Amino acid sequence: MFYEKVAAMAGLCVLGLVLLDLSRTRNVPLSRQLSWGRVWLRIFGWACLFVGGFFVGNVFLAGYSLVIILVVAAAVSGRTPSWGGQEIWVTIAAGIRHQLPIPSLVEAAVEESGQAARYRQLLARLRAGMPLEELVRRLRIGRPERTALALATKTGRFDEAIEKAREYRSAMWDVEELFTGRMLLLLLLLQGVPAGAFMFARISGHFGLILKDFGLDAQTAATRFGLGVPAWFFSPGLLAYIWTAVSFGIVVGILLYWLGGRGILADFWPWSRCSLRSRSLILMTLGQGVRSGLSFTEIFDVLVNHPPTLGIRGRLLRTLEAMFRGDDPWDAMRKSGILSPADKDLLAASQQLGELPLSLETLARLHRDRYSAALRWWAVIGYLAIVTLFVLGAMIAYACCLGTLLAIIFCLM
Amino acid sequence: MAVVMGNQPLDFEPGANWDVISDALGRTVEANLPLPTTLRALAADLDDRRTASALKRIAARIERGESLDAIFSKEKSTKSRPVGQLLHAASLTPQPSETLNRFVTIMEDYTSNLRNLRTALSYPFLCLTLALFGAFVISAGWLLPNARDIVAMEEELSLTQPVRLRIELMWAGNLVSLLIGILVWGIGLLIILGPVRMSRCSLTYQLPMLGRYYAYLNLSLFAKVMAHLTQSGVELSKALEAVAGLVSYPRLRRALKEAAAKAAESATFDEIVRTDQRFPATLRTFVTQSGSKLSLSARFLAAADFFEDRARALWHAAPVLLMVFAILGLIMLWMTYAIPLMMWIYWIQLLSGLAG
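Residues numbered from 1 in each chain as written. Chains lettered and ligands numbered in written order. Predicted model: local features only at pLDDT ≥ 70, side-chain atom pairs only at ≥ 80, totals over all residues.

A. Focus on the overall build of chain B. The number of helices and strands found in chain B is 15 helices and zero strands. Sorting the 356 residues of chain B into buried and exposed places 38% on the buried side. Restricting to contacts in chain B with at least 6 residues of sequence separation, those with at least 24 account for 66%. (Helix = DSSP H or I, 4+ residues; strand = E, 2+ residues; numbered from the N terminus. Buried ≥ 20, exposed ≤ 12 C-beta atoms within 10 Å, placed from the backbone. Contact = placed C-beta atoms within 7 Å.)

Set out below in structure tokens:
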């Protein structure tokens, strides 16, 4: 029965692979990509591969890892909806910059990516003359880009909106990479801790045997050198908890960062001022809106419906309500924590001088740079943590090896 | 080193830095300086002995009356071929000196973008090295001795056949995982060591994500050079042939060579590209937009800008991709620790007679 089960599951895997090969969509014309037969072949192919792979994998004690590998392969192949959305966004931006018809370009991008089936409805609506705003709303693109385009539909200045959003992204890319890279490196090193501990446990077993040969036990050797460290400090359980907590913390931290930036918690916390990132994006949008002659309520209406960061909508809504009640816009923004008192005074003064758009943009750039400097600090902290980890690991290994050797020497003496 | 002065083409010394050579040639030609003297002067300033030697050889051959184009067209080395192709492409235009310098800059951007891959790949490569090392240590130091104990016990208990088979399958699975890991590691190492060299291999373009990065850079290079050539009024078939020598994407190169042959038979670029699926759909749309008021060279420039943006977007998506690797690495490590535990549980099951 066992052999039959294995053979059936392996057969299922092979069938899945054949179906997936038959349903390939890359470099295939749009009409063939959109045929339902191909879509069903694909669904059945993945189902066979997952089910068969999981059960065959279990025989190899690797069923779960096979599923993980499949997920990673799908992510790496760039077929995720967010990546598909990004590609279409890049296409739309290029089309607007070079004044080319958007629908045919989007259609070509979808055909090229081999994901026509996923965007079936979108393509149909594009052919029916869907407006650009609706197209963008349906895509999974970054929040700042979404805000910029929503504003551009009111001002009609798509070129400027795309250019500003692009400028913001380019300015942040390097520092974001530095931050993420440092955190990922720390995460990688942390994974070395249990691997090192595992090897060290095996080596210390041999040391224990050597000490035993000399009539010593590890405890005596340790106390002889007055290590004086409480036993719980070296408890594997405690170390495992710390390792898990820190690793988990880093992963959650990076995920939070990619969700909305370092200041996402500040944005959610109603009693603090909003993050520098949110502030810079709001000021940038305000600058563009004011330059195009929109009123504050109109700009805030766009911001409330398309907030540039995840946790900022509540503050924007409160500001808009205050403005509708007749409050001063700068006061309303200060009260909801979007502006600092100094920012408020500066902007009120430049409004009187008639230099408001320029001041808003300058202030937006200033906060963007401050945010970028703060990220660099986190990268430095990550670097210090990496060095500390290295030094601690080296010290422990050195002390334990040297301690054993010295214990043997003392015994011989 | 003496310069060979025979009639046969001279082989340049392997290991010469062709980026430096093409840069030197481009700048010298654009500045209208005497080539042999300037190249010798530059060679004297260089620390890299092989590159200096290649520059001296080029200077010697120019003094013998050979043109730059002729020197590089006879050259067999794959590394120096792009320089020859650049010279050939530039020689087609009315202002070869200016164009050459522009092409050299385009080529430099292309190669530096390819070399950027080293930074992007370093983290996953380190992760994979650690995971492979850990898997090897745990397999050889922990799993193998335990498996021997289980087999010994199984013989003692005289259990049924599938138990032994299951253990063998487990080992086969472990070995296959390690081999796949080593294969991926090897591909990564090849790309890290020679990202530019790997661009000539068809298989590189089949790799997930990386393949598209390579393809976008090649398409951008193609569109940029074509924009300059069409703007300079170079005949379409000659321009396509020249660009075919510059791009390293084999599929695109083949398509361009065929397109050049068709263009020589008086077919327009729109007609050639519209039906050829080897040209990406977006390129076809950019170049053959019927409603667009842009000239052909402007359309090529727009396409170049688009593909460059796509490559940049792909490059900046790398951190998200790395997150997947990081989480996978974590889970895999947990799995590695879980396997011995599972083996212990299995052993207990065996002892208590639950398995079999």
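B. Broad picture of the overall build of chain A. A count of helical and extended segments in chain A gives 19 helices and zero strands. Looking at chain A residue by residue over its 413 residues, the buried ones come to 32%.

C. Summary view of the nonpolar core. The biggest cluster of nonpolar side chains holds 123 residues, and the ones touching the most others in it are Leu55, Leu86, Val243 and Ala303 of chain B. A total of 14 residues in this core trace back to one element, the largest contributor, which is helix H9 (residues 210-231) of chain B. Residues in contact with Leu86 of chain B, not counting those within four places in the same chain, are Ser22, Leu100, Phe103, Val104, Met107 and Leu246 of chain B. Counting 15 residues, the second-largest nonpolar core is a separate cluster that includes Leu184, Ile250 and Leu375 of chain A together with Ala135 of chain B. (Core = buried A, V, L, I, M, F, W, Y, C linked by C-beta atoms within 7 Å.)

D. Spatial organisation of the confidence of the model for chain A. When pLDDT is averaged across chain A, the result is 77; 74% of the residues are at 70 or more. Under a pLDDT of 50 for its full length, residues 225-230 of chain A has, in the predicted model, four contacts with residues more than four places off or in other chains. (pLDDT = per-residue confidence, 0-100.)

E. How the structure looks around helix H6 (residues 96-115) of chain B. Taking 1.5 Å per residue, 20 residues should reach 28 Å; H6 of chain B reaches 28 Å between its end C-alpha atoms and fits that length. Residues of H6 of chain B that are buried include every one of Thr99, Leu100, Asn101, Phe103, Val104, Met107, Tyr110, Asn113 and Leu114 of chain B, and no others. (Expected span 1.5 Å × (residues − 1).)

F. Quick look at the packing of helix H1 (residues 18-30) of chain B against H6 of chain B. Residue and element names in this part refer to chain B. The contact between H1 and H6 brings their axes to 8 Å, and the two run at 155°. By the angle class used here, H1 and H6 are roughly antiparallel. When you trace H1 past H6, the crossing you get is left-handed. Of H6, the residues touching H1 (which contributes Asp19, Ser22, Asp23, Gly26, Arg27, Val29 and Glu30) are Ser97, Glu98, Leu100, Asn101, Val104, Met107, Glu108 and Thr111. In terms of residue class, the contact of H1 with H6 is built from four nonpolar, five polar and six charged. (Axes fitted to C-alpha atoms, helices over the stretch in contact; angles between N-to-C directions. Parallel < 35°, antiparallel > 145°, perpendicular 65-115°, else oblique. Left-handed = near helix turned anticlockwise from the far one by under 90°. Nonpolar A, V, L, I, M, F, W, Y, C, P; charged D, E, K, R; others polar.)

G. Unusual backbone geometry, seen in detail. Despite not being glycine, Gln99 of chain A has its phi angle at roughly 50°, a positive value. Along the polypeptide, Gln99 of chain A turns up in the loop between helix H5 (81-97) and helix H6 (102-113).

H. Up close: the environment of Ser248 of chain B. Residues and elements named next belong to chain B. By secondary structure assignment, the location of Ser248 is in the loop between helix H10 (236-246) and helix H11 (250-264). The class of Ser248 is buried, set by 22 C-beta atoms lying within 10 Å. For Ser248, the residues in contact, after removing those within four places along its chain, are Ser199, Arg200 and Asn218.

I. Up close: the packing of H6 of chain B against H9 of chain B. Residue and element names in this part refer to chain B. Their axes nearest at 10 Å, the elements H6 and H9 cross at an angle of 170°. Relative to H9, the element H6 lies roughly antiparallel. Here Thr99, Arg102, Phe103, Ile106, Tyr110, Asn113 and Leu114 of H6 lie close against H9, whose contacting residues are Leu217, Leu221, Lys224, Val225 and His228. Here the contact of H6 with H9 is composed, by residue class, of seven nonpolar, three polar and two charged.

J. Structural view of the environment of Arg368 of chain A. Residue and element names in this part refer to chain A. Looking at where Arg368 falls in the secondary structure, it is placed in helix H19 (residues 356-412). For Arg368, a count of 22 C-beta atoms within 10 Å corresponds to the buried category. It is 8.5 Å that separates the C-alpha atoms of Arg368 and Ala171, two residues lying 197 residues apart in sequence. Those residues in contact with Arg368 that sit more than four places away from it in its chain are Tyr168, Ala171 and Ser280.

K. Representation of the confidence of the model for chain B in the model. All names here are of chain B. Per-residue confidence for chain B gives a mean pLDDT of 76; residues scoring 70 or more make up 73%. The lowest-confidence element of chain B is helix H15 (residues 318-352), averaging 58 in pLDDT; the highest-confidence one is H9, averaging 90. Low confidence marks residues 1-10, where pLDDT is under 50. Its contacts with residues over four positions away, or in another chain, come to 11 contacts. Of the two predicted TM-score estimates for the complex, the pTM is 0.73 and the ipTM is 0.71.

L. Seen up close, the environment of Gln289 of chain B. Mapped onto the fold, Gln289 of chain B is located in the loop between helix H13 (281-287) and helix H14 (296-316). Gln289 of chain B sits in the buried class, given 20 other C-beta atoms within 10 Å. Once the C-alpha coordinates of Gln289 of chain B and Leu132 of chain B are considered, the two residues, 157 residues apart in sequence, prove to be 50 Å apart. Not counting residues up to four positions away in its chain, the partners in contact with Gln289 of chain B are Leu100 and Pro101 of chain A together with Arg299 of chain B.

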